[in-house]
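# Results of the structural survey
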Amino acid sequence: MMAMGWARVLGASLLAWCLGVALQLQQMALWPTALYAAGLALACPVAWGLRRRALGRGPATLAWGLLWAWTAFAVTGLHAQSRSLAMSASLEGQDLEVVGVVQAMPQRQDLGWRFRFRIEEAWRVDAAGALQSVDLSRDLPAQVYLGWYGHDGAHDSGWKLTALPEPVQAGERWRMRVRLKAPHGHMNPRGFDYELWLWEQGIGATGYVRTRAKDPPPVRLDSTWGHPIEVWRQRVRDSLLTHLAEPGSDVDAAKRAGVLAALVVGDQAAIDRSDWDVFRATGVAHLMSISGLHVTMFAWLASALVGWAWRRSALWGFVGPLRWPAVHVGAVAGLFLAGFYALFSGWGLPAQRTLLMLGVVVVLRVSARHWHGALVWLMACAVVLVWDPWALLQAGFWLSFVAVGVLMASGHPAQSLPSAAPERGNAPSWRDRLWGGSKMHHLSAQNAGAWLAWLGSSLGSLLREQAKITLALAPLTLLFFGQVSLVGLLANVLAIPWVTLVITPLALLGVLNSGFWDLASWALQPLSVLLNGLSGWPLASVSTAMPPWGLALLALLGALALVLRMPWSWKLLCLPMLWPVLFWSPPRPVHGQFELLAADVGQGNAVLVRTAKHSLLYDAGPRYSAESDAGHRVLVPLLAQMGERLDVLMLSHRDSDHTGGAAAVLAMQTQAALWSSLEDEHPLHALRPGWTRCHAGQSWVWDGVVFEVLHPPPTALPPKKPKPNEVSCVLRISTPQGSALLAGDIEARQELALVDLGLSPVDVLLAPHHGSKTSSSQPFLQALQPQIALVQAGYRNRFGHPAPEVVARYAQQGSQLVESTRCGAATWRSQAPAQVQCERADRQRYWHRSGVQPVPP
């Protein structure tokens, strides 16, 4: 009875710890450190008072649960306070001279390098280029994330670059001139939280290396021995890529080299974006990076090999196996070797979580404690959240723990080996096995049949377990990714053993002998062909709008009921629980109303217009680099999670901060028509041969909402080719309740022309040219009288948008200025024309910056 009561209290306490962590993660701002410490101190006498309460009783169990929830809340708060050091706002955008060490293996980007840098010394640089004597390192976060770019052309940081930077090595100490800014990321509905990622990594600022002509070049001071594993990782990665992706090799060989680099050293950036699309469509993306599956498999193999060697050592006279069981030695050794593998692969958060889970299991096994599976599962969850509380917000945490829980709850006893296996005393020697002999009669036809039957049973069990996991995780994959792979079951059944037992071991052996990398690349080739073929099947994956948490959890309960050991009558009753999540779609405006969603894309425009049955995207955001744009990073995921099918993509003009993501959007939204003011020969027009040129006078009605194009004029182009801004498509959208004007990058001259033609007031205005001082003229604002002005501009952008004089004009007009840097994605609805919903305010947590005010550099 005591044991049962103890188990009940322990289970309630572990669950309460997880709930306490979840509650603390909802805080918008951290409390003072003293308050968390006082709460933790108060928990001690309460725990002392509860120590003699009867275990298993309802009130005692509830009291222990509340106590542990409060303790978890306080501990997580203290943990967060230890990471809350932010850089001084006065140092943002200032030239600084820093000395520090490269912390980890740099990531090669299309324009240069990105790397973590630990600052040891820092000085401010004055306007004359001289260093001030005061060391500012205490006013800066210890670890920053730097970019060192080099290419011909202009970068968003605002200078001309003419040469590629030299390679950066982990462990090197450098002196360089940099500009830093506080962590700031795009904030869109259900989008990636970049600020949370930086928080988890312990990075307090981001920035770039200054390499203007008047700046001193970065200087490598020396090499340190502070990061030997990172140095080794970088050398292995570079050797692997050089060996398999030699100059002149085909594109497929280079892609396979990137996959192997991800499997060996955890460099996920080496995988081509097209390969990631295939992996997601087939549901095997978790296999192509260092995940919990790889660490667990490595631990299992290491444990089996060490245990076998430990048993064999008794034959050589070693007495250790008589004192310490091989099972325990193998488990501990497997855990430590898996830890080394996790370090070598980059010490990523998924690997850390897996090690903690394995550590819990190993400790329980070595201590001979036989806990119920649910207690082991809860203990692993609690230990992971003690180490990394913010893991609770990551998709990987939920997918891995739900998968393990399903296997533990629905699994059957392991299939035993065939009884026809040879007895130890009659086992054939290695000579008999190699050359044959009389003792080989143990491998008779009957024994071979038994082995084949066992193999078939094992494969059937593997298929059943994979089917259970696929079904159970389907609601979560819809919740986090808005996509479910219908070929994922087949792809995983084939790919999991091939990747974990063949490709990954060969790739790791390549560290010792590069010839194994060739074998691994050869083994990867048929798998790549198979996955590409599966991804090309009709309905290989199904994308739906991302459901709310409530519907996803309801569907998860229904899916769990289908895979757990329950009567079939109950399972049939649970089927309707899956229905809402499969056919849910975000609510749309009613007939006669419309909605604007100004996406947070940085320095560029992208506004989604939705009516009752139609959607239009006005501009497609900027291009961030040669390999990254707002389409792939923001708009395609945003449209997918909303379940949107665009009717029209309208590109106001050809500047890259308006067309950067257009190709990705058009590739995803194959049914969308293209409207633009681009020149006829623009490459984007090849994607839509039937495109339409926008001009004043065009109008149409969708669901009771009137759309009118006000600019550019329909007349022939003047003899002198106009600037792109001068021909921006200007779109007015109106209903009797509310109206909006999307003005592109028109400048004062075009604004005055529109005023002369006659402009009626609007409720919301997309500020022309991101709030540039060349736009938003006083007559234009007086004619429109907007209640709200939306400014889509990048945080600390080099142009200083919005200009201070423009901000003053809007204030004088009485307009509310809504900046994407402070609001994130902004949602405006015609039925409530005086209100704007800011994504940054709705999702504000303590790791986000609140009230961010961009200061021009």
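A short tour of the structure in this document, coming up. Here the structure is a predicted model, which means the values were calculated and not measured.

## As for the overall build of the protein chain
A tally of helices and strands in the protein chain yields 28 helices and 28 strands. The buried share among the 857 residues of the protein chain stands at 50%. Contacts in the protein chain between residues at least 24 apart in sequence constitute 70% of all its contacts with a sequence separation of at least 6. Put simply, the protein chain shows about 40300 Å² of open surface, and 63% of that area lies on carbon and sulfur atoms.

## Side note on the packing of helix α10 (residues 326-344) against helix α11 (residues 349-366)
Their axes nearest at 10 Å, the elements α10 and α11 cross at an angle of 170°. In terms of orientation, α10 lies roughly antiparallel with respect to α11. In this structure, α10 meets α11 at a crossing whose hand is left-handed. Residues V327, H328, A331, V332, L335, A338, G339 and A342 of α10 lie in contact with α11, whose contacting residues are A351, L355, L358, G359, V362, R365 and V366. A breakdown of the residues in the contact of α10 with α11 according to their chemical character gives 11 nonpolar, three polar and one charged.

## Comments concerning the pattern of salt bridges
The final tally for this structure, using the stated rule, is 25 salt bridges. Where E195 meets R840, a salt bridge forms, and the shortest distance between an N and an O atom there is 3.0 Å. One end of the pair, E195, is in helix α4 (residues 194-201); the other, R840, is in helix α28 (residues 839-842), with 645 residues separating them in the sequence. When sorted by exposure, E195 lands in the same class as R840, which is buried. When salt bridges with common partners are traced through the structure, they connect D95, E97, R175, R177, R179, R210, R212 and D215 into a single cluster.

## A closer look at the pairing of strand β20 (residues 699-702)
Burial along β20 is one-sided: the residues W700 and W702 are buried and none of S699 and V701 is. Direction of pairing for β20 relative to strand β21 (residues 705-711): antiparallel, over a ladder of four bridges. Among the inter-strand pairings, V701 is bridged to a residue of β21, identified as V706. If you look at the hairpin formed by β20 and β21, you'll find two residues sitting between the two strands, and D703 has a positive phi there, around 50°.

## What to know about the sheet that holds strand β27 (residues 826-829)
Strand order in this open sheet of eight strands is β19-β18-β17-β14-β13-β12-β27-β28, and the pairing throughout is mixed. Each edge of the open sheet carries a strand with a single partner, namely β19 (692-693) and β28 (836-838). As paired elements, strand β13 (residues 607-610) and strand β14 (residues 615-618) share four bridges and run antiparallel to each other. Each bridged residue has a counterpart across the sheet, and for L608 the counterpart in β14 is L617.

## A word on unusual backbone geometry
Of the consecutive residues H711 and P712, the connecting peptide bond is found in the cis state with omega at 5°. Structurally, the position occupied by P712 is in the loop between β21 and β22 (730-734). The peptide bond linking H801 to P802 adopts the cis configuration, its omega dihedral lying at -5°. Looking at where P802 falls in the secondary structure, it is placed in the loop between β25 (788-791) and α26 (804-813). Residue R796 is not a glycine yet carries a positive backbone phi of 55°. By secondary structure assignment, the location of R796 is in the loop between β25 and α26. Classification of R796 as buried rests on a relative accessible area of 14%.

## With respect to the nonpolar core
Core analysis: the largest hydrophobic core is formed by 49 residues, its most contacted members being L260 and M288. When residues of this core are traced back to their parent elements, those giving at least two are α5 (228-244), α6 (251-265), α7 (273-282), α8 (292-313), α10, α11, α16 (488-509) and α17 (515-535). Once residues within four sequence positions are removed from consideration, M288 is found in contact with V259, A262, L263, I271, W276, F279, V499, L527 and L531.

## What about the pairing of strand β18 (residues 673-676)?
The sheet contact formed by strand β17 (residues 648-651) and β18 spans four bridges and is parallel. Looking at β18, one finds that M650 is bridged to W675.

## Points about the sheet that holds strand β26 (residues 816-819)
In space, the seven strands of this open sheet follow the order β20-β21-β22-β23-β24-β25-β26, with mixed pairing throughout. Where the open sheet ends on each side, the last strands, each with one partner, are β20 and β26. Here the average twist between neighbouring strands, direction ignored, is 20°. As paired elements, β21 and β22 share five bridges and run antiparallel to each other. Among the inter-strand pairings, E708 is bridged to a residue of β22, identified as R732.

## A look at a nonpolar patch on the surface
Residues L490, L494, L530 and W537 make up a contiguous nonpolar surface patch of about 350 Å² in total accessible area. In this fold, L530 is placed in helix α17. Note on L530: relative accessible area 31%, which makes it partly exposed.

## A few points about helix α21 (residues 630-642)
Considering bend angle alone, the principal kink of α21 is centred on V636 and spans about 25°; proline P637 follows within four residues of it. The complete set of buried residues in α21 reads A630, G631, V634, L635, V636, L638, L639, Q641 and M642. Those residues of α21 that are buried are in contact with β12 (595-598), β13, β14, β15 (623-625), β16 (628-629) and α23 (662-668). Among the residues of α21, the N-terminal cap falls to D629, whose side-chain oxygen and the backbone nitrogen of G631 are separated by 2.8 Å.

Conventions and cut-offs
- Residues numbered from 1 in each chain as written.
- Predicted model: local features only at pLDDT ≥ 70, side-chain atom pairs only at ≥ 80, totals over all residues.
- Heavy atoms only, no water.
- Helix = DSSP H or I, 4+ residues; strand = E, 2+ residues; numbered from the N terminus.
- Buried < 20%, exposed > 50% of the residue type's maximum accessible area, 1.4 Å probe, protein only.
- Contact = heavy atoms within 4.5 Å.
- Areas by Shrake-Rupley, 256 points an atom, 1.4 Å probe, with all protein chains shown as cover.
- Axes fitted to C-alpha atoms, helices over the stretch in contact; angles between N-to-C directions.
- Parallel < 35°, antiparallel > 145°, perpendicular 65-115°, else oblique.
- Left-handed = near helix turned anticlockwise from the far one by under 90°.
- Nonpolar A, V, L, I, M, F, W, Y, C, P; charged D, E, K, R; others polar.
- Salt bridge = Lys/Arg side-chain N within 4 Å of Asp/Glu carboxyl O.
- Pairing = 2+ DSSP bridges.
- Core = buried A, V, L, I, M, F, W, Y, C linked by side-chain atoms within 4.5 Å.
- Patch = residues over 30% accessible without salt bridge, like charges linked within 9 Å, V, L, I, M, F, W, Y side chains within 5 Å.
- Bend = angle between axes of the 7 residues up to and from the residue.
- Polar contact = N/O pair within 3.5 Å; in protein donor to acceptor, adjacent residues only side chain to side chain.

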